[in-house]
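Working through the structure, step by step
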Amino acid sequence: MKTPLHYLVAARQSEIAELEQISRASNLVASMSELVHALQKERGLSNIFLVSGGVQAQQSLLDHGLHVDQVMERVCLALEELGARAPGAHGARLFNAIANALQGFEALPLLRRRRDALQLSAEDCTQALIRMIAACLTVVFEAADSACDPDIAKLLVALFHFMQGKELAGQERATGVAAFTAGAGRTERQRHWLHLIESQERCFQVFADFASPSGMERWQQQCGACPDMTVIERLRRLGCTAGDGMALDCSLSSPWFEACSSRLDAMHQIEAFLAEELQAQCLRKLEQAGAALSQQKALLEMQPQPGTSAEAAAAFLGATQPAASLPAEGAYGLQLEKSIVLLVQEQSMRLQDMQTEIDKARATLKERKTIERAKGVLMNYRQLSEGEAYKLIRQTAMNQNRRMLDVAEAILATVDLLPGSTNSSL
């Protein structure tokens, strides 16, 4: 008959297996971060190439395309290392997200051929790369949702929201380039531009809520020491306040693009730091779990036979009598028995505390996903833009004194009642 300690060892071994898998997933996240940054730059160069009718950025696109392919190969190697075993209960969604991202990888050569032949508009090419980047970010999202350790989960949530904020900053770069290149203000574009600015701030606020002190310090330093933000803020005011049809200086397209690109590069340095911090945390957790496992195995070897001593039984039943009233020796010796009792209690409390913290991180991810799905429903059935859909959810929540999450859940709960609903937007 196996003793409680046997199952404590088994529980710790299971925890280590999950940590090893999330460590491999974290390596994938780090590679995916590099790929997202590379695709963001390809999107910017593609925009310039197409807007200029193929005159500008042709060689830059060719050179950078080779870099993107190399980074994509590293992502594929990380996928092979991850293997086909699901990390925790959320593995199915993670692997589904990976499959979706790989479809984007396979579509990239065709997108490039059509772009190079000027068979795509700048808008269509931008949207295709936005979808590809979104698929990569979904992998990071699901990796965060599958984390089995609260400290790792928090770092993953912070990294995901930082990457999402950076992606929105990249979309803002493209929007500004289009506005200044067109040379005229447009109300619809301005609304989208303002939505991108507001959405970035929301992402960076969630990042601040979950980031480590060192990660937050890096971000604050970058915010305070970024001279490009002065240029960006000035050009934002020009681009977002010009009346519909009012002239914009076309020559401002270049300084806007350069300032935004410099900001994105600085943000990528922070992103790389966050990815390294995540990987280091995974290694620390594995070392701690390995040391605890060794301690438990050592106790197991000292255990001569199965059985439950008075010390263990009293602890389980919540007895309060002093230890002196218990037998001088348990089944395995008093000191060993006390060690086992403490291990059972400590491990149980630790796992409970971990689950509480993980639930908090997952609640943040769930809220984001629910609101995004509700936005999709409104965009589909009300023919709203993304910014308009978000503002409608937020305004409804304010008017009804409810949380945005509650409003989003109500929208999703009624989607089946809408005409022609197939839940395809979910």
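Residues numbered from 1 in each chain as written. Predicted model: local features only at pLDDT ≥ 70, side-chain atom pairs only at ≥ 80, totals over all residues. Heavy atoms only, no water.

**A few points about the confidence of the model for the protein**
This is how the line gets drawn: pLDDT runs from 0 to 100 and stands for how confident the predictor is about each residue. By definition, any uninterrupted DSSP run of H or I lasting at least four residues is a helix, any uninterrupted run of E lasting at least two residues is a strand, and each is numbered from the N terminus. Contacts are residue-level and defined by heavy atoms, with any inter-residue pair within 4.5 Å sufficient.
Across the protein, the average pLDDT comes to 82, with 83% of residues at or above 70. No element of the protein has a lower mean pLDDT than helix α10 (residues 310–317), which averages 55, and none a higher one than helix α2 (residues 58–82), which averages 93. Predicted confidence for residues 319–336 stays below pLDDT 50, and this span has 27 contacts to residues more than four positions away or in other chains. Low pLDDT, under 50, characterises residues 422–426; the stretch is placed with 11 contacts to residues that sit more than four places away or in other chains.

**Examining the side chain of arginine 112**
Note the threshold: A simple rule labels every residue: compare its accessible area, found with a 1.4 Å probe on the protein chains alone, to the largest value its type can have, and call it buried under 20%, exposed over 50%, or partly exposed in between.
Looking at the element boundaries, arginine 112 is found in helix α3 (residues 91–116). Of the residues examined, arginine 112 reaches a relative accessible area of 14% and is grouped as buried. Not counting chain neighbours up to four residues away, the residues in contact with arginine 112 comprise Glu42, Gly65, Val68 and Asp69.

**Let's talk about the pattern of salt bridges**
Convention followed: Throughout this description, the term salt bridge denotes a Lys or Arg side-chain nitrogen within 4 Å of a carboxyl oxygen of Asp or Glu.
Enumeration according to the criterion identifies 17 salt bridges in this entry. Across the pair glutamate 15 and arginine 12 runs a salt bridge whose closest N-O atoms are separated by 3.6 Å. In this pair, glutamate 15 and arginine 12 both sit in helix α1 (residues 4–51), 3 residues apart, roughly one turn of the helix. Overall, arginine 12 belongs to the buried group, its relative accessible area being 9%. The partner of aspartate 151 in a salt bridge is lysine 285, with the nearest N and O atoms 2.6 Å apart.

**A closer look at unusual backbone geometry**
When glycine is set aside, most residues are seen to have a negative phi, and most peptide bonds are trans. One non-glycine residue, leucine 118, lies in the positive phi region at around 60 degrees. Inspection of the secondary structure puts leucine 118 in the loop between α3 and α4 (122–145). The phi dihedral of asparagine 401 falls on the positive side, at around 55 degrees, and the residue is not glycine. By the secondary structure assignment, asparagine 401 is in the loop between α12 (386–400) and α13 (404–414). Overall, the relative accessible area of 72% leaves asparagine 401 in the exposed class.

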